[in-house]
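# A closer look at the structure
Below, each chain spelled out in residue letters.
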Amino acid sequence: MVPKVHQSGRSFRGVTEYCLNDKRPDPKPRDPDAPRQRREQDEDNPSWTRRVMSERVAWTQTLNLSTDDPYKAARAMAATADYSQELKQLAGIRNGGRRLEKPVCHYSLAWREGENPDRATMVAAARSSLVALKMQGHQALVVAHHDSKCAHVHVIVNRVSYEDGRAAKLSQSRLHLSRWAERYERYRGDIQCGRRVDHNRRRDAGEAVYDKQRQSAARYHRHKEISRQEIPDGRNEKEIVGAAIQRIHERRAWNKCQAVLEEGLERLDPKHTAAWSKLYSRQENEKMKLEADSNSISGRARVAVVQRNWRELYDAILGKEEVLSSWKADLDQHHRTERAELGRGQGQEAAELDRQAEAVYQREIAAPLPAEEVTREALIREIQPQMERLEAEGVELSSITSEAAPDPYELAREREFEIDRSRERGMDIPM
């Protein structure tokens with residue numbers, strides 16, 4: 001597992017466009033004397049061609065959002081960040097300091113080359129990493145790519161909380177993710193980066209350690225001079241069977257969790273869309289009415305009387321610009337507060353749906369796995385992608401693939417091969 005924290009940004013739309021679209025190839029040389037219009041319409045120029053939702057996007061997943069549309073999710077996160085001051089007022093928090101300039105937190109999680117984790121495993125890892133960063137309750141978008149040798153996901157998180165408008169701190173995010181990645185590998189029983197283990201041990205001892213060899217996940221796996229320091233995990237054949245059964249169990253639990261999420265999003269998405277449409281329509285009518293009242297003496301007098309601002313009545317009748325501007329500013333601020341309140345309520349509903357789905361996942365994981373779901377064929381499918389690597393490590397798989405071998409589920413039932421769920425105590429790695 002290789003986590004990488006990207007630079008914080010200002011635009012949710014920009015990072016979402018990058019994650020959902022193809023990368024732009026290097027543009028070919030263009031004739032500087034050619035007309036600008038002709039250059040921009042040149043379809044053969046790869047710098048002007050970009051496929052949308054291309055082959056490199058495997059799937060997307062939203063967290064604590066009431067929509068599964070990634071573009072709507074980006075707009076919702078941008079709106080939450082924009083209304084941070086109003087959200088603080090609604091939560092009773094004193095406004096202080098300047099508005100957050102870079103609300104976008106963006107990082108990626110990459111698995112080892114040759115690993116093919118399924119969607120359940122990747123989403124669970126993304127959720128767990130958010131817990132490590134103390135942003136598990138924040139709005140997030142997970143985008144999985146398969147355009148490189150390493151399976152990886154991009155996690156786009158809104159630093160601004162929809163509950164109170166406060167921003168999460170990212171000063172120690174790289175260290176937090178480094179420790180989380182070590183725990184994740186230990187939990188999976190396969191330490192892949194020995195240098196990280198040594199660095200974290202030295203940091204825990206109070207030593208200042210800086211990893212000068214930190215690079216992107218692709219270069220980290222590609223260059224031989226900084227290749228990963230692997231530690232043999234020493235797993236035997238029966239432990240491999242237990243890990244395969246665990247993956248089957250996780251996928252079964254994820255399917256039920258995802259069903260709850262999909263059912264809830266089908267209910268919440270149209271409901272929330274209709275609420276926003278109704279709010280925007282009413283607010284637009286109120287703006288038009290104020291504009292119409294501002295153009296007549298009787299209308300200005302009526303607005304001043306309704307606001308009970310008798311001191312401004314005379315100035316309003318005269319149509320002074322500062323009075324009319326203050327009315328428009330007050331109405332705009334009132335509308336912003338209404339939108340922030342609606343977004344906060346919808347965020348709470350989306351977070352409650354997410355908690356219900358997580359409860360279903362944990363309940364299914366805690367329940368015993370039915371024996372009929374663990375067959376020899378299912379186990380072979382689970383282990384097949386790892387066959388070459390396991391055989392290179394000297395692991396014997398004969399009893400799993402041989403016809404004369406005992407039932408694999410019976411092997412897993414033996415006490416020494418049961419999945420030890422006590423390992424996750426005190427850890428933020430979900431099953």
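Conventions and cut-offs
Residues numbered from 1 in each chain as written. Predicted model: local features only at pLDDT ≥ 70, side-chain atom pairs only at ≥ 80, totals over all residues. Heavy atoms only, no water. Core = buried A, V, L, I, M, F, W, Y, C linked by side-chain atoms within 4.5 Å. Buried < 20%, exposed > 50% of the residue type's maximum accessible area, 1.4 Å probe, protein only. Helix = DSSP H or I, 4+ residues; strand = E, 2+ residues; numbered from the N terminus. Salt bridge = Lys/Arg side-chain N within 4 Å of Asp/Glu carboxyl O. Arc of directions from axis to C-beta. Contact = heavy atoms within 4.5 Å. Polar contact = N/O pair within 3.5 Å; in protein donor to acceptor, adjacent residues only side chain to side chain. Axes fitted to C-alpha atoms, helices over the stretch in contact; angles between N-to-C directions. Parallel < 35°, antiparallel > 145°, perpendicular 65-115°, else oblique. Left-handed = near helix turned anticlockwise from the far one by under 90°. Nonpolar A, V, L, I, M, F, W, Y, C, P; charged D, E, K, R; others polar.

## Focus: the nonpolar core
Counting residues in hydrophobic clusters, the biggest one holds 41 residues, and the most contacted among them are Tyr107, Val153 and Trp180. Secondary-structure elements contributing two or more residues to this core are β2 (57-63), β3 (104-110), α5 (119-132), β4 (140-145), β5 (152-158), α6 (173-188), α9 (237-293) and α12 (321-366). No other element matches the eight residues that α5 contributes to this core.

## Thoughts on the pattern of salt bridges
One pass over the full model with this rule turns up 19 salt bridges. Taking the shortest distance from any N to any O, the salt bridge between Glu185 and Arg196 comes out at 2.4 Å. Residue Glu185 is found in helix α6, and its partner Arg196 is found in helix α7 (residues 194-204); the two are separated by eleven residues along the sequence. The exposure classification of Glu185 matches that of Arg196, with both residues buried.

## Things to note about unusual backbone geometry
One non-glycine residue, Asn64, lies in the positive phi region at around 60°. Of note in the backbone geometry, Lys134 takes a positive phi value of approximately 60° without being a glycine. Tracing the sequence through the fold places Lys134 in the loop between α5 and β4.

## A look at helix α1 (residues 12-20)
Taken together, the buried positions of α1 are occupied by Phe12, Val15, Thr16, Cys19 and Leu20. On an axial view of α1, the arc spanned by its buried residues comes to 125°, and they lie on one face. Against β2, α3 (70-82), β3, β4 and β5 lie the buried residues of α1. Capping the start of α1 is the job of one residue whose side-chain oxygen sits 3.4 Å from the backbone nitrogen of Arg13: Ser11.

## Quick word on the packing of α6 against α7
Where α6 meets α7, the closest approach of the two axes is 10 Å, and the angle between their N-to-C directions is 125°. On the basis of their axis angle, the class for α6 and α7 is oblique. Read as a crossing pair, α6 and α7 show a hand that is left-handed. Where α6 abuts α7, its residues Leu175, Ser178, Arg179, Ala181, Glu182, Glu185 and Arg186 lie against Arg196, Val197, Asn200, Arg203 and Asp204. Within the contact of α6 with α7, the residues separate by chemical class into three nonpolar, two polar and seven charged.

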